[in-house]
Amino acid sequence: MNTKKTWSEWLWDFWCIVSIIGIWPRFIEPQLLGVSKLTLPIANLPSSLSGLTILQFSDLHWNNLFSKRLEKKLINKIKRLKPDIIVFTGDWICRSKIEKKEQLKFFLNQLQAPLGCFTIFGNHDYDRFVTINEKGDYDVEYPSSSSNIGKGFGRLLSSIRLTGKVTDAAKSTLIHAELCELLKETPFQMLDNETITISHKNKQLNICGLGEYSLGRFDPEKAFRKYNKAYPGVILSHHPDTIEILKKYPGDLILVGHTHGGQVNLPFFWSKFTQLENKKYKRGLKIVDKKWAYINRGIGSVIHFRWFATPELTLMTLKQG
């Protein structure tokens, strides 16, 4: 497997260095790792669950060029934080390709939490990559000679309006069997439109994981069938545009990713990189009909370029509301 950069990536690196202003977003900020710590009051939280900690990370976008330095930072920081629960909110890989498979497995096996590690899939994690087509519909990305850099510049020049529609090709995309098998050899339990309950100090907590919205696999009716409303709940959903839908369902804390926090947080640019139907859900903590929602900035990206969107771990401490 080729682990070398393409000519377009070398050219992109050269431009970033020569331009000077490109040094920070290309070579420095993507290697940083921030930790956002939140204390969140939960209305129906039992006293024995007060102080429970949940660590969220998202959008790893693991590939051949994933930084070894960033990998070590992730392992060390997560171990130091000692969360009770770890959750991942989608996009383990890039464009449906598993690269450096054994190294990814090694990385995931370094992450442990006493009450469990849970994951959902994002739009990069199924057997075909789903993105936005020229009509603004969610669709399978078909083979192209363009590099990731070329596709990135193409998006900057586009003026596509999202329709929220999912094509038949996107709907027919299947679960990524190889990625599922890999996760079975790690501490991470996959949740695909389902709810489980975990026990701690004789009390329960719902963990609900949704399928990917842009593939038409988001099915809350199925996901909440086993949700016990007597207990508080944490909801995992990759795409922020599901937050408005999830207002109608149970749960106290909705955790999502997908946007990379805007990735290039400059006027005009961020909306081109992270296209949303509801742009208020770009990043950070929101209150949505008495629920908490958090949009994590993620760790990696397909194009290694971040401006005012430092990679992020989020550590949430639950307390009685």
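Scroll up for the structure.
Every value quoted in this text rests on a predicted model; they were computed, and no experiment measured them.

Describe the sheet that holds strand β1 (residues 34-42), naming the residues involved and giving the relevant values.
Pairing is mixed across the open sheet formed by six strands, whose spatial order is β1-β14-β2-β3-β4-β7. Both outer strands of the open sheet, β1 and β7 (188-190), are each paired with one neighbouring strand and no more. Neighbour to neighbour, the strand axes of the sheet diverge by 25 degrees on average, direction disregarded. Across four bridges, the pairing between strand β2 (residues 53-57) and strand β3 (residues 85-89) is parallel. Within β3, the residue paired with I54 across the bridge is I85. Helix α3 (residues 68-81) contacts β1, β2, β3 and β14 (312-320) of the sheet and is inclined by roughly 15 degrees relative to β14.

Give me the lowdown on the pattern of salt bridges, citing residues and values where you can.
All chains considered together, the criterion is met by 10 salt bridges. The partner of K105 in a salt bridge is E102, and the shortest N-O contact between them spans 3.5 Å. With K105 and E102 both in helix α4 (residues 101-108) and three residues apart, the pair spans about one turn of that helix. A cluster of three or more residues bridged by salt bridges with shared partners is formed by E102, K105 and E185.

So what about the environment of H124? Which residues, and what values?
Tracing the sequence through the fold places H124 in the loop between β4 (117-120) and β5 (130-132). Sequence spacing of H124 and K100 is 24 residues, and the spatial spacing of their C-alpha atoms is 16 Å. Setting aside anything within four residues of it in sequence, one finds H124 in contact with H61, D91, I93, C94, R95, S96, F129 and V302. A polar contact of 2.7 Å, which involves the side chain of H124, links it to the backbone nitrogen of R95.

Tell me what's going on with the nonpolar core, and back it up with residues and numbers.
Most often, soluble globular proteins keep nonpolar side chains buried together rather than apart. With 58 residues, the main nonpolar core has F57, L60, W92 and F188 as its most contacted residues. Take this core: its biggest share by element is five residues, from α3. Beyond its immediate stretch of four places on either side in the chain, L60 contacts F66, L74, F88, D91, W92, L104, F107, I299 and G300. Judged by nonpolar contacts, the second largest core, of 25 residues, contains I42, L45, I120 and W292.

Before we move on, could you go through the pairing of β1 and cite the residues and values that matter?
Burial of the side chains of β1 is restricted to one face: G34, S36, L38, L40 and I42 are buried, whereas none of V35, K37, T39 and P41 on the reverse face is. Of the strand pairs in this sheet, β1 and β14 are connected by nine bridges, and their pairing is parallel. If you follow S36 over to β14, its bridge partner there is T314.

Criteria and cut-off values
Residues numbered from 1 in each chain as written. Predicted model: local features only at pLDDT ≥ 70, side-chain atom pairs only at ≥ 80, totals over all residues. Heavy atoms only, no water. Pairing = 2+ DSSP bridges. Helix = DSSP H or I, 4+ residues; strand = E, 2+ residues; numbered from the N terminus. Axes fitted to C-alpha atoms, helices over the stretch in contact; angles between N-to-C directions. Contact = heavy atoms within 4.5 Å. Salt bridge = Lys/Arg side-chain N within 4 Å of Asp/Glu carboxyl O. Polar contact = N/O pair within 3.5 Å; in protein donor to acceptor, adjacent residues only side chain to side chain. Core = buried A, V, L, I, M, F, W, Y, C linked by side-chain atoms within 4.5 Å. Buried < 20%, exposed > 50% of the residue type's maximum accessible area, 1.4 Å probe, protein only.

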